[in-house]
Amino acid sequence: MSAVSDRLPTFPWDKLEPYKKKAASHPDGIVDLSVGTPVDPVPELIQKALIGAADSPGYPTVWGTPALRDAITGWLERRLGAREVTHRHVLPIVGSKELVAWLPTQLGLGPGDRVAYPRLAYPTYEVGARLARAEYEVYDDPTELSPEGLKLLWLNSPSNPTGKVLSKAELTRIVAWAREHGVLVFSDECYLELGWEADPVSVLHPDVNGGSYEGVVAVHSLSKRSNLAGYRAAFVAGDPAVLAPLLEIRKHGGMMTSAPTQAAVVAALGDDTHVHEQRERYAARRTLLREALVHHGFRIEHSEASLYLWATRGESCWDTVARLADLGILVAPGDFYGTAGDRFVRVALTATDERVAAAVKRLAAG
């Protein structure tokens, strides 16, 4: 029974529990800037769509309703500049994390196959490779990797945790290299609509992929842009030759998004107003937290997009976590995302205005 779990690392967030307890003991309560879970309300039009589809006694389909697929293809063309996207180019998923974790297995990867991801990265890329018993490695520039046995290349722009954005030129160069060597590219673009000092570009843009989706798939989520983390609403889009077998596998596995959630996603992707409103909330919080951290002695690196500030005091990340926990502020240690982050912390913008104000006050006083 333990054979699968033995392949996995210790769940990183469990290590943070003592510091969470310390921060929670602050007289004015904890300011949790660690996990990055949305705290603002689900937009009313999305709630109404969910409620309107509540009477859904039958099984939903893995591929989603035609209305859902229309909403996804329309959004890809309107927002990302993708061209000639059909239903064959899209596939709903049950939140992006499950896709990341199970993709290598669903692609049939195993011992001898290699999976690569950024040196500082979302831990689930490694987890997915481990679950499949595939080899895994990190990179600074993926085009410097050996293509031998490299079956899956993860890109992540904007980056979690650093907020770094890959330029259109960089993406174009990487996609061309991957195609030359027959390497499948999956681009995690879940923070694409949250660019602050940069305008993130998708691998689905024709300037990047040359008008072809061959060997390229993008991953998108509604968790952050629409406050739908609790709905588990996401999708992938790109090469039909990759998505068609994934669809068949996921049919057998029953990996389907609930019917009410599918209706909610249709409403969410059809409305840009709530996204702009949420962006403004995050932008205001970002400005306050960034200024407070800098005045407290932090240096901010990258962070030109996404929902995080990548910050350092030039000390061990755990010393910084402990220092901030004394102020009742909880952040994520940078080494959760790779050893290269061992002197950084990730500070999430996902707290209420009142909690952000409390953090700013404590940083100024501390």
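Notes on the structure follow. The structure presented is a predicted model; accordingly, all values stated were derived computationally and were not measured.

Our focus in this paragraph is the overall build of the protein. Helix and strand counts for the protein come out as 12 helices and 13 strands. With respect to the three principal axes, the spread of C-alpha positions in the protein is 55 × 50 × 45 Å. In the protein, of all internal contacts separated by at least 6 residues, the share reaching a separation of at least 24 is 75%. Of the roughly 15,400 Å² that the protein leaves accessible, carbon and sulfur atoms contribute 53%. Seen as two clouds, the 39 positive and the 45 negative side-chain charges of the protein have centres 3 Å apart.

Core analysis: the largest hydrophobic core is formed by 69 residues, its most contacted members being Leu33, Trp154, Phe186 and Ile329. Per element, the largest residue contribution to this core is 5 residues, and it comes from helix 11 (residues 317–326). Contact partners of leucine 33, with chain neighbours within four places excluded, come to Leu289, Ile329, Leu330, Val331, Arg346, Val347, Ala348, Ala351 and Ala359. By size, the runner-up hydrophobic cluster in this structure holds 43 residues, among which are Val85, Val183, Tyr213 and Val216.

Here the focus is unusual backbone geometry. Residue proline 158 is bonded to the preceding serine 157 through a cis peptide linkage, with omega at -5°. With phi around 60°, asparagine 227 is a residue other than glycine that occupies positive phi space. Its location among the elements puts asparagine 227 in the loop between strand 7 (216–221) and strand 8 (234–238). The exposure class assigned to asparagine 227 is buried, which follows from its relative accessible area of 6%.

By the element assignment, arginine 225 lies in the loop between strand 7 and strand 8. Here the side chain of arginine 225 touches glutamate 193 through a polar contact of 2.7 Å, side chain to side chain. Excluding its chain neighbours within four sequence positions, the residues that come into contact with arginine 225 are Trp75, Glu193, Ala268, Leu269, His274, Val275 and Gln278.

A few words now on the packing of helix 10 (residues 273–295) against helix 12 (residues 353–365). For the pair helix 10 and helix 12, the least separation of the axes is 9 Å and the interaxial angle reads 15°. When the interaxial angle is binned, helix 10 and helix 12 end up roughly parallel. Of the two elements, helix 10 crosses helix 12, and the hand of that crossing is left-handed. Here helix 10 contributes Arg285, Leu288, Leu289, Ala292 and Leu293 to the contact with helix 12, which in turn contributes Asp353, Val356, Ala359, Val360 and Leu363.

Attention now moves to the environment of alanine 198. By the element assignment, alanine 198 lies in the loop between strand 6 (184–188) and helix 7 (206–209). Taking the C-alpha atoms as reference points, alanine 198 and arginine 179, 19 residues apart in sequence, are found 26 Å from one another.

So, about the sheet that holds strand 4 (residues 135–139). One open sheet holds the 7 strands; their spatial order is 2-8-7-6-5-3-4, and the pairing between them is mixed. Two strands in the sheet have a free side with no partner beyond their single neighbour: strand 2 (90–93) and strand 4. Recorded for the sheet is a direction-independent mean angle of 20° between the axes of neighbouring strands. Taken together, the 4 bridges between strand 2 and strand 8 define a ladder with antiparallel strand orientation. The partner of proline 92 across the bridge, within strand 8, is phenylalanine 235.

Under the criterion given, the structure shown has 23 salt bridges. Note that glutamate 44 and lysine 48 form a salt bridge whose closest N and O atoms lie 3.4 Å from each other. With glutamate 44 and lysine 48 both in helix 2 (residues 44–52) and 4 residues apart, this pair spans about one turn of that helix. There is no split in this pair, since glutamate 44 and lysine 48 are both exposed.

The subject of this paragraph is the sheet that holds strand 9 (residues 299–301). Sheet architecture is open: 4 strands sit in the order 9-10-13-12, paired in antiparallel fashion. Here the strands that pair on one side only, and so sit at the sheet edges, are strand 9 and strand 12 (332–333). The pairing of strand 9 with strand 10 (residues 308–312) spans 3 bridges and is classified as antiparallel. What sits directly across from glutamate 301, in strand 10, is tryptophan 310. Lying over the sheet, helix 10 contacts strand 9, strand 10 and strand 13 (345–348), oriented at roughly 5° with respect to strand 10.

Turning our attention to the packing of helix 2 against helix 9 (residues 259–269). Here helix 2 crosses helix 9 at 150°, and the two axes come no closer than 7 Å. By the criterion of interaxial angle, the relationship of helix 2 to helix 9 is roughly antiparallel. As for how helix 2 packs across helix 9, the hand of that crossing is right-handed. On the side of helix 2, the interface is formed by Leu45, Ile46, Ala49 and Leu50, while helix 9 contributes Pro260, Thr261, Ala263, Ala264, Ala267 and Ala268. Of the residues belonging to the contact of helix 2 with helix 9, the class tally is 9 nonpolar, 1 polar and no charged.

Conventions used here
- Residues numbered from 1 in each chain as written.
- Predicted model: local features only at pLDDT ≥ 70, side-chain atom pairs only at ≥ 80, totals over all residues.
- Heavy atoms only, no water.
- Helix = DSSP H or I, 4+ residues; strand = E, 2+ residues; numbered from the N terminus.
- Contact = heavy atoms within 4.5 Å.
- Areas by Shrake-Rupley, 256 points an atom, 1.4 Å probe, with all protein chains shown as cover.
- Lys, Arg positive; Asp, Glu negative; His and termini not counted.
- Charge placed at Lys NZ, Arg CZ, Asp CG, Glu CD.
- Core = buried A, V, L, I, M, F, W, Y, C linked by side-chain atoms within 4.5 Å.
- Buried < 20%, exposed > 50% of the residue type's maximum accessible area, 1.4 Å probe, protein only.
- Polar contact = N/O pair within 3.5 Å; in protein donor to acceptor, adjacent residues only side chain to side chain.
- Axes fitted to C-alpha atoms, helices over the stretch in contact; angles between N-to-C directions.
- Parallel < 35°, antiparallel > 145°, perpendicular 65-115°, else oblique.
- Left-handed = near helix turned anticlockwise from the far one by under 90°.
- Pairing = 2+ DSSP bridges.
- Salt bridge = Lys/Arg side-chain N within 4 Å of Asp/Glu carboxyl O.
- Nonpolar A, V, L, I, M, F, W, Y, C, P; charged D, E, K, R; others polar.

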